[in-house]
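# Residue-level structural notes
Residues per chain, in single letters:
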Amino acid sequence: GAGVSQTPSNKVTEKGKYVELRCDPISGHTALYWYRQSLGQGPEFLIYFQGTGAADDSGLPNDRFFAVRPEGSVSTLKIQRTERGDSAVYLCASRPSGGSYEQYFGPGTRLTVT
Amino acid sequence: AQSVSQHNHHVILSEAASLELGCNYSYGGTVNLFWYVQYPGQHLQLLLKYFSGDPLVKGIKGFEAEFIKSKFSFNLRKPSVQWSDTAEYFCAVDNQGGKLIFGQGTELSVKP
């Protein structure tokens, strides 16, 4: 079946602009996660949704970052007033409900802020 | 706070050599442990996982890992690497259902 998809695959924006990154999880997966991966580092947690609500947003670096999942499937990560330090690969993962703790990752969106 | 440490940033091996990548974590409670792999140009894929039971777990492509609770370690092993194992390997831990905490990754280069 289809895996996690993310759009766009690449996004170049100017400092100060607003961007939206989209994640389509695997159908039926109730949990959805956003991570950020900087060059040479492992993925770093941003936010986790269980259904429509954010179960843990402790990884969001500041209030310029916001994410929504209004219908419990697709999620959008929104970044306001982008800074050069926001440049990274933004990864989305989903997980089914129940006892499996395995997360399935999408290909990521490479964000470059110039 | 939870953290994961991978001891090697870059490992270079010849084909048929044995591989061991170190991973240590800090967390006092019950954890799930994972190794993910990222082949060049591809997304993160699960290599193997440990939730409970036998501490020696086997994954895809001949990889295995051993959970040693007393050492807070979950080292990845493969007896004989192939050129196709060239990739970046990430160790990760979660506290059962929440966020994954990743190590910084180990880049493995296998020379043919």
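Please read these numbers as outputs of a predicted model, since none were measured by experiment.

## Some words on the overall build of chain A
Within chain A, the secondary structure is distributed over 0 helices and 11 strands. When the helices and strands of chain A are placed in sequence order, the string is β-β-β-β-β-β-β-β-β-β-β. Taking 114 residues into account, the globule formula puts the C-alpha radius of gyration at 13 Å, and chain A, at 13 Å, falls close to it. If one aligns the C-alpha atoms of chain A with their principal axes, the spans along those axes are about 40 × 25 × 25 Å. Within chain A, the proportion of its 114 residues that are buried is 46%. Sequence-distant contacts in chain A: of pairs separated by 6 or more residues, those separated by 24 or more amount to 52%.

## Side note on the state of the cysteines
Under the defined criterion, the tally for this structure stands at 2 disulfides over all chains. The partner cysteine of C23 of chain A in its disulfide is C92 of chain A, sulfur to sulfur 1.8 Å. Measuring handedness by torsion sign, the sulfur bridge of C23 of chain A and C92 of chain A sits at about -65 degrees and is left-handed. One end of the pair, C23 of chain A, is in strand β3 (residues 19-24); the other, C92 of chain A, is in strand β9 (residues 88-95), with 69 residues separating them in the sequence. Assessed through its relative accessible area of 0%, C23 of chain A is described here as buried. Each disulfide pairs two cysteine sulfurs, and for C23 of chain B the partner residue is C91 of chain B, the sulfurs being separated by 1.9 Å. Its S-S torsion of approximately -65 degrees makes the covalent link between C23 of chain B and C91 of chain B left-handed. Residue C23 of chain B is located in strand β4 (residues 23-26), and its partner C91 of chain B is located in strand β10 (residues 87-94); the two are separated by 68 residues in the primary sequence. Given the relative accessible area of 0%, C23 of chain B is considered buried.

## Overview of the sheet that holds strand β1 (residues 5-7) of chain A
The strands making up a sheet are joined through hydrogen bonds of the backbone, oriented either antiparallel or parallel. Residues and elements named next belong to chain A. Taken in spatial order, the 4 strands line up as β1-β3-β8-β7 in an open sheet, and their pairing is antiparallel. Single-partner strands in this sheet number two, and they are β1 and β7 (65-68). The sheet shows a mean angle of 15 degrees between the axes of neighbouring strands, direction not considered. Where β1 and β3 come together, 3 bridges link them in antiparallel fashion.

## Examining the pattern of salt bridges
Residue and element names in this part refer to chain A. Considering all chains together, one arrives at 8 salt bridges over all chains under this definition. One salt bridge connects D24 with R22, and the closest N-O pair in it is separated by 2.9 Å. The residue R64 makes a salt bridge to D86 at a minimum N-O spacing of 2.8 Å. In this pair, R64 sits in the loop between β6 (53-56) and β7 while D86 sits in the loop between β8 (75-79) and β9, placing the two residues 22 residues apart along the sequence.

Procedures and definitions
Residues numbered from 1 in each chain as written. Chains lettered and ligands numbered in written order. Predicted model: local features only at pLDDT ≥ 70, side-chain atom pairs only at ≥ 80, totals over all residues. Heavy atoms only, no water. Helix = DSSP H or I, 4+ residues; strand = E, 2+ residues; numbered from the N terminus. Rg over C-alpha atoms; globule rule 2.2 N^0.38 Å. Buried < 20%, exposed > 50% of the residue type's maximum accessible area, 1.4 Å probe, protein only. Contact = heavy atoms within 4.5 Å. Disulfide = S-S within 2.5 Å. Pairing = 2+ DSSP bridges. Axes fitted to C-alpha atoms, helices over the stretch in contact; angles between N-to-C directions. Salt bridge = Lys/Arg side-chain N within 4 Å of Asp/Glu carboxyl O.

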